[in-house]
Amino acid sequence: MGMGVDIRNKLAKRAAEEIQNGMVVNLGIGIPSLVPNHLKKGVNVIFHAENGITGMGQSPIKGEEDENLCNAGGFPVTLNIGGSYCDSAVSFGMIRSGKIDITILGSLQVSQKGDLANWIVPGKKVPGMGGAMELAQKAKKVIVLMNHCDKHGNSKIVKECTLPLTSRECVDLIITELAVFQVTDEGLLLTEIFAQGNLEDIVNKTQCEFAISENLKEIPY
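One numbering rule holds for all chains: residues counted from 1, following each sequence as written. Where local features are concerned, this predicted model is filtered to residues with pLDDT of at least 70; where side-chain atom pairs are given and counted, the filter is 80 or more; whole-chain, interface and lining totals use all residues. In computing side-chain properties, one takes all heavy atoms of the structure into account and sets aside hydrogens as well as water.

**Notes on the nonpolar core**
One recurring pattern in soluble globular proteins: nonpolar side chains tend to sit buried together.
Part 1 of the argument: Residues enter a nonpolar core if they are buried and are Ala, Val, Leu, Ile, Met, Phe, Trp, Tyr or Cys, with the set joined through side-chain atoms within 4.5 Å. Each residue's exposure class comes from its accessible area (1.4 Å probe, protein chains only) as a fraction of the maximum for that residue type: buried when under 20%, exposed when over 50%, partly exposed otherwise. Among the nonpolar cores identified, the biggest contains 28 residues, and Ile19, Val25, Val35, Ile104, Ile143, Leu145 and Ile175 are the most heavily contacted of them.
Part 2 of the argument: Put simply, DSSP H or I for four residues or longer makes a helix, DSSP E for two residues or longer makes a strand, and each gets a number counted from the N terminus. Among the elements that take part in this core, helix 1 (residues 5-16) stands out by supplying four residues, more than any other.
Part 3 of the argument: Excluding its chain neighbours within four sequence positions, the residues that come into contact with valine 35 are Ala12, Ala15, Ala16, Ile19, Leu27, Ile104 and Leu145.
Part 4 of the argument: Core analysis: the next-biggest nonpolar cluster, separate from the first, contains 27 residues, Leu105, Val144, Leu178 and Phe210 among them. Note on contacts: a residue pair is in contact if any heavy atoms of the two residues lie within 4.5 Å.

**Section: the sheet that holds strand 2 (residues 46-49)**
Part 1 of the argument: In this analysis, strands are considered paired if DSSP registers two or more bridges between them. Taken in spatial order, the ten strands make up an open sheet running 4-3-2-1-5-8-10-11-12-13, and their pairing is mixed. Each having just a single partner strand, strand 4 (79-85) and strand 13 (211-219) make up the two edges of the open sheet. Strand-to-strand twist of the sheet, defined as the mean angle between neighbouring strand axes without regard to direction, takes the value 20°.
Part 2 of the argument: Of the pairings in the sheet, the one linking strand 1 (residues 24-27) to strand 2 comprises three bridges and is parallel in character. Working convention: axes come from line fits to C-alpha atoms, limited for helices to the stretch in contact. Angles between N-to-C directions cover 0 to 180 degrees.

**A closer look at the sheet that holds strand 9 (residues 157-158)**
Part 1 of the argument: Judged by pairing direction, the sheet is mixed, and its three strands sit side by side in the order 7-6-9 without closing on themselves. Sheet topology places strand 7 (116-117) and strand 9 at the edges, where each strand pairs with a single neighbour.
Part 2 of the argument: Here two bridges tie strand 6 (residues 109-111) to strand 7, and the two strands are oriented antiparallel to one another. Bridging across to strand 7, valine 110 finds its partner in leucine 116.

**Description of helix 2 (residues 88-96)**
Part 1 of the argument: Listed in full, the buried residues belonging to helix 2 are Ser91, Phe92 and Ile95. Looking straight down helix 2, one finds that the buried residues subtend no more than 90° of arc, so they occupy a single side.
Part 2 of the argument: For helix 2, the secondary structure elements touched by its buried residues are strand 2 and helix 3 (132-138).
Part 3 of the argument: The N-cap of helix 2, judged by a side-chain oxygen 3.2 Å from the amide nitrogen of alanine 89 a few residues on, is aspartate 87.
Part 4 of the argument: Positive phi appears at glycine 98, one or two residues downstream of helix 2, with a value of about 80°. Arc definition: it is the arc formed by the directions from the helix axis to the C-beta atoms. We define a polar contact as two N or O atoms separated by no more than 3.5 Å, with the added condition that, inside protein, one atom must be a possible hydrogen donor and the other a possible acceptor, whereas residues neighbouring each other in sequence contribute only through side-chain atom pairs.

**Overview of the pairing of strand 11 (residues 179-184)**
Part 1 of the argument: In the sheet, strand 10 (residues 173-175) pairs with strand 11 via three bridges, with the strands oriented antiparallel. Its bridge partner lying in strand 11, isoleucine 175 is registered against valine 180.
Part 2 of the argument: What sits between strand 10 and strand 11 in their antiparallel hairpin is a turn of three residues.
Part 3 of the argument: The pairing of strand 11 with strand 12 (residues 187-194) spans six bridges and is antiparallel. Bridge assignment links phenylalanine 181 to a residue of strand 12, and that residue is leucine 190.
Part 4 of the argument: Where strand 11 folds back onto strand 12 in an antiparallel hairpin, the turn is made up of two residues.

Rendered as structure tokens:
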């Protein structure tokens with residue numbers, strides 16, 4: 001079951017709090033693309049797209065799209081003053097050399113160890129992994145925004161991923177419509193709960209054990 005717009009924006013707003021002034025940030029498609037709308041005032045960020053844009057701006061006004069300017073997901077974008085274009089080889093060179101401070105991605109599953117599975121459901125056609133493998137391995141911080149459960153009600157936070165992996169032990173932070181988890185060397189740590197949720201619901205909908213922070217916070221909903 002998909003999320004409503006308000007919930008998607010709540011997740012994007014929480015993720016935006018992780019971004020600091022001057023960072024280079026890569027955004028996945030879906031919920032992560034909403035993050036720029038929630039940046040704090042005065043935070044200047046360079047948004048990077050692996051198809052060759054550095055300094056990506058907001059979505060264009062309807063009717064003013066440039067058919068030659070899109071993000072890695074094929075959606076129209078704008079370019080900020082001072083932004084630049086490059087070919088994919090240079091763009092991926094930036095990723096592989098560790099120039100990306102944060103990547104914010106969607107996912108199909110995340111394990112308690114931070115394994116990421118976000119590119120294919122077996123038997124379904126997809127265009128390819130894209131830049132997810134490089135971003136997951138080389139970005140300094142990997143944040144996942146996703147539904148807590150899939151459309152069948154199965155937890156997407158699992159003990160072991162059953163879907164093909166994108167990368168092992170790469171995720172640092174998981175944000176769902178219910179809660180926020182940090183991935184630590186000891187496993188998952190529940191640090192925040194959205195105000196409409198409760199601990200029992202999170203336990204029942206999470207397919208692995210997790211620790212609870214002594215400073216557990218409630219996020220206004």
